[in-house]
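Breakdown of the fold
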Amino acid sequence: MSDKRYQIRIEVQSRYLPEQSDPDAGRYGFAYTIRITNTGNVTSQLISRHWLIRDDAGRLIEVKGLGVVGHQPLLQPGQSFEYTSGSQIGTPSGSMQGSYFFVAEDGHRFDAPIPEFALSMPRTLH
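In short, a report on the structure. (Residues numbered from 1 in each chain as written. Predicted model: local features only at pLDDT ≥ 70, side-chain atom pairs only at ≥ 80, totals over all residues. Heavy atoms only, no water.)

**Focus on the overall build of the chain**
In terms of regular secondary structure, the chain is built from zero helices and eight strands. Along the chain, helices and strands appear, N-terminal first, in the series β-β-β-β-β-β-β-β. Its C-alpha atoms give the chain principal-axis dimensions of about 55 × 30 × 25 Å. Counting every position in the chain, which comprises 126 residues, the buried fraction comes to 38%. Once local pairs closer than 6 in sequence are excluded, the contacts in the chain between residues at least 24 apart make up 65%. Of the roughly 7,300 Å² that the chain leaves accessible, carbon and sulfur atoms contribute 48%. Across the chain, the mean location of the 12 positive side-chain charges is 2 Å away from that of the 13 negative side-chain charges. (Helix = DSSP H or I, 4+ residues; strand = E, 2+ residues; numbered from the N terminus. Buried < 20%, exposed > 50% of the residue type's maximum accessible area, 1.4 Å probe, protein only. Contact = heavy atoms within 4.5 Å. Areas by Shrake-Rupley, 256 points an atom, 1.4 Å probe, with all protein chains shown as cover. Lys, Arg positive; Asp, Glu negative; His and termini not counted. Charge placed at Lys NZ, Arg CZ, Asp CG, Glu CD.)

**Section: the sheet that holds strand S1 (residues 8–22)**
Across the sheet, which stays open at both edges, the three strands sit in the order S1-S2-S6 with antiparallel pairing between neighbours. On the outer flanks of this sheet lie S1 and strand S6 (80–89), each paired with one strand and no other. Going from strand to strand, the sheet's axes swing by 20 degrees on average, the running direction of each strand aside. Bridge count for strand S2 (residues 27–38) against S6 is 10 bridges, and the pairing is antiparallel. Across the sheet, the residue bridging to Ile34 is Tyr83, located in S6. (Pairing = 2+ DSSP bridges. Axes fitted to C-alpha atoms, helices over the stretch in contact; angles between N-to-C directions.)

Written out as structure tokens, the structure reads:
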């Protein structure tokens, strides 16, 4: 059971980017907007990210790094941080999931899981 003092809510919306895609070359671009909300009661700072990006061919890309889009936001209880980033995969659909690593102002360290979300090129019917 997780400690209610250290709770982070993560909401994700993804969309296909035709202008950053080249299906003939096996490249499909997606943007995702993530809203991170501190729903706990201890101020916490996002330190790093860990992503697992999969395409439908079974290829896996692992990404680790400090912060998100050049930021390491410090979130007071109830405060949110929203950003948009992107990814490219080799098939018209795939998925992403991962976690953010946080350090609370009291020194507690914890991971906030990022639920799996779909990357999917819209299908057109003729």
